[in-house]
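Chains, contacts and geometry: an overview
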Amino acid sequence: MATYFSKVQCYIATMTNMQTASSHAVRAPLNSLAQWKALQSHCSQQANAHLRDMFKGDAARAKSLSIEGPGKMFMDYSKQRVTTQTMELLLSLADASGLRARIDAMFRGDKINVTEDRAVLHIALRAPRTSRIMVDGVDVVPSVHQVLDRMSAFADSIRSGAWKGHTGKRIRNVINIGIGGSDLGPAMAYDALCAYTARDISFRFVSNVDATDFAEKTRDCDPAETLFIVCSKTFTTLETMTNANTARDWALKGLGGDVAAVAKHFVAVSTNAEKVKAFGIDTANMFGFWDWVGGRYSMDSAIGLSTMVAVGPAAFKEMLGGFHEMDEHFRTTPFAKNLPVLMALVGIWNTNFLGAQTLAVLPYDQYLDRFSSYLQQLEMESNGKHVTLDGARVQWSTCPAVWGQPGTNGQHAFYQMIHQGTPLVPCDFIAFCEPLNPIGKHQDLLIANVLAQAEALAFGKTLSEVEAEGSAPWLAQHREFDGNRPTTTILCPKLTPATFGRLIALYEHKVFVQGTIWGINSFDQWGVELGKVLAQRIIPELSGAAPKPAHDSSTQQLIERYRAGRGR
Ligand code: G6Q
């Protein structure tokens with residue numbers, strides 16, 4: 001618990017010591033900008049526009065509203081409810097929001113995360129060895145590559161079996177312990193790149209403080225063959241440290257209680273060498289990263305150690321290459337041809353002008369099973385904010401709720417609402433031409449489905465079409481589809497490590513563009529703090545040993561029922 005408080009206190013200290021957000025140039029409220037107002041009036045003029053008519057009236061629509069980016073990543077946003085004029089107005093809004101200057105500031109290493117007084121440099125994690133990126137007068141690229149080199153040597157030794165456990169056996173199970181940004185990225189990446197992984201090692205991810213997570217993930221593991229990677233930027237997070245301690249007890253129990261075993265079965269990924277040492281992990285087995293890497297932007301840092309062990313250093317580097325290509329595309333391409341910028345602007349249109357409150361991300365690839373969970377954190381923790389950089393309350397919507405799961409499964413479940421429900425649910429469809437498991441006709445069936453969904457959502461089926469099919473009049477309205485439901489389709493050649501890197505960087509930068517336009521800080525997460533503090537207060541109250549708790553009557557009643565339920 002003491003360690004947990006030190007995390008909170010560290011935040012508070014950072015807050016009081018740092019320069020205030022007032023050093024950021026105060027900006028006119030977004031909704032007072034002429035460009036915003038122009039979009040509002042354009043939106044009212046477009047109110048009755050239907051995608052059916054937009055396509056009929058413009059033979060070149062698909063071509064003019066789609067774009068190819070790095071690695072032949074093709075983004076077709078012509079089934080969004082936009083016209084070339086909408087895009088021009090949105091691009092002017094991006095200019096008026098100072099997007100160019102913000103991108104330059106991020107890539108330059110300026111401390112744009114003003115509420116935590118930190119640079120935002122996940123782009124440095126994939127910068128080539130020859131680049132130079134300065135933070136506080138120091139080039140950070142050499143240290144990035146130093147860590148990558150150490151990770152590579154470590155990954156090779158686990159994969160080859162050269163690394164032996166305490167009893168001399170090779171490692172067969174790698175268990176990542178972490179939560180939030182120290183779990184979602186690695187867990188998602190393992191699934192996404194599963195086709196490229198070593199199949200003679202199992203990879204598991206423990207995050208929840210619910211002991212079930214640990215118990216189920218370790219139940220069939222031999223401690224002599226198990227390696228834990230404890231991932232925690234701060235090395236103080238309640239869930240992670242609880243699980244790490246449980247893992248140490250489990251390992252020591254299974255290995256005869258010799259504490260020397262810890263060095264062979266635990267490695268750490270952290271920025272906090274002191275705490276790693278205090279836990280008992282040799283700092284020689286610690287892989288570092290830096291305060292300018294936000295948790296949810298860290299999957300390509302040492303936090304990705306499990307990914308590198310799984311796919312090997314070469315594939316990991318290929319993935320970093322993909323990230324870097326998208327970084328360069330984002331940094332150097334004019335906004336009108338810039339994938340992350342266009343994707344972000346379409347999202348702004350849907351959220352702020354068409355009133356959409358959610359975004360469904362629907363990959364047609366089973367390997368991207370956890371992609372939307374990962375994106376939930378990336379988007380919602382980054383842009384789920386109600387205060388601008390200037391400290392004012394926003395008067396416009398910010399992040400939509402992001403959700404989804406791989407197609408085709410959702411088609412037989414929640415797509416009903418997307419087709420015929422009352423909320424407007426914009427969708428991102430993601431698909432790949434070449435299958436990783438080319439069996440029979442599966443891929444054609446999969447791709448036919450994603451294309452059919454986007455088509456059905458855009459064009460729907462009119463009442464007269466339904467009637468012409470001979471539907472009974474009383475049934476016809478139930479079978480009518482309004483259409484005009486906006487979707488973007490991202491079609492890539494193949495899910496390779498490089499494609500995967502490009503895809504993640506695409507969404508990272510999209511989030512940044514949207515945060516910039518909304519005028520918020522996409523890189524802090526104060527919203528997660530309050531619940532953590534209150535939990536610390538309740539922990540001793542549950543045991544009954546602490547003085548009688550004093551909460552609101554609801555919380556009080558639930559604490560009492562829990563205590564009674566546990567016989568306390
Ligand atoms: C991410 C957040 C958060 C963080 C976790 C784990 O951007 O900061 O999800 O990653 O709270 O934190 P530690 O890595 O410090 O354990």
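Look above for the structure.
Within each chain, residue numbers correspond to sequence positions counted from 1 in written order. Totals for whole chains, interfaces and linings use every residue, but because this is a predicted model, local features are given only for residues with pLDDT of at least 70 and side-chain atom pairs only at 80 or more, for both listing and counting. In computing side-chain values, all of the structure's heavy atoms are included and hydrogens and water are not.

Secondary structure counts use DSSP, requiring at least four H or I residues in a row for a helix and at least two E residues in a row for a strand, with both numbered from the N terminus. Mapped onto the elements of the fold, Gln-443 is located in helix α18 (residues 442–459). Other than its neighbours up to four places away in sequence, Gln-443 contacts Phe-432, Cys-433, Glu-434 and Pro-435. Note on contacts: a residue pair is in contact if any heavy atoms of the two residues lie within 4.5 Å.

We now examine the pairing of strand β6 (residues 202–206). The classification of residues rests on relative accessible area computed with a 1.4 Å probe and restricted to protein chains. Under 20% of the type maximum is buried, over 50% is exposed, and intermediate values are partly exposed. By the criterion of burial, β6 is predominantly enclosed, with 4 of the 5 residues buried. As paired elements, strand β5 (residues 173–177) and β6 share 5 bridges and run parallel to each other. Each bridged residue has a counterpart across the sheet, and for Asn-176 the counterpart in β6 is Phe-205. Since β5 and β6 lie parallel, the crossover through helix α8 (residues 184–192) that links them has a hand, and here it is right-handed. A pair of strands is considered paired only if DSSP assigns at least 2 bridges between the two. Call a crossover right-handed when, viewed with both strands pointing away from you, the route from the first strand across the helix to the second goes clockwise.

Moving on to the nonpolar core. Here, nonpolar core means buried Ala, Val, Leu, Ile, Met, Phe, Trp, Tyr and Cys residues that are tied together by side-chain atoms lying within 4.5 Å of each other. If you look at the biggest cluster of nonpolar residues, it comprises 120 residues, and the most contacted ones within it are Trp-292, Phe-371, Phe-500 and Tyr-507. By residue number, the principal contributor to this core is helix α21 (residues 497–518), which donates 11 residues. Setting aside chain neighbours within four positions, we find Trp-292 in contact with Ala-119, Val-120, Leu-121, His-122, Ala-124, Leu-125, Val-135, Val-140 and Val-144. Ile-175, Cys-221, Ala-224 and Ala-247 belong to the second-largest nonpolar core, a separate cluster that totals 23 residues.

A few words now on the pattern of salt bridges. Salt bridges are identified by distance alone: a Lys or Arg side-chain nitrogen within 4 Å of an Asp or Glu carboxyl oxygen. Throughout the structure, instances matching the rule amount to 25 salt bridges. A salt bridge links Arg-129 to Asp-149, with the shortest nitrogen-to-oxygen separation between them at 2.8 Å. Note that Arg-129 is positioned in the loop between α6 (99–108) and β3 (134–135) and Asp-149 in helix α7 (residues 141–160), a separation of 20 residues in sequence. Looking at Arg-129, the relative accessible area reads 52%, which means it is exposed. The salt bridge partner of Arg-170 is Asp-200, with a shortest N-O separation of 3.8 Å. With Arg-170 in the loop between α7 and β5 and Asp-200 in the loop between α8 and β6, this residue pair connects regions lying 30 residues apart in the sequence. Through salt bridges that share partners, Arg-126, Asp-300, Asp-327 and Glu-508 make up one connected network.

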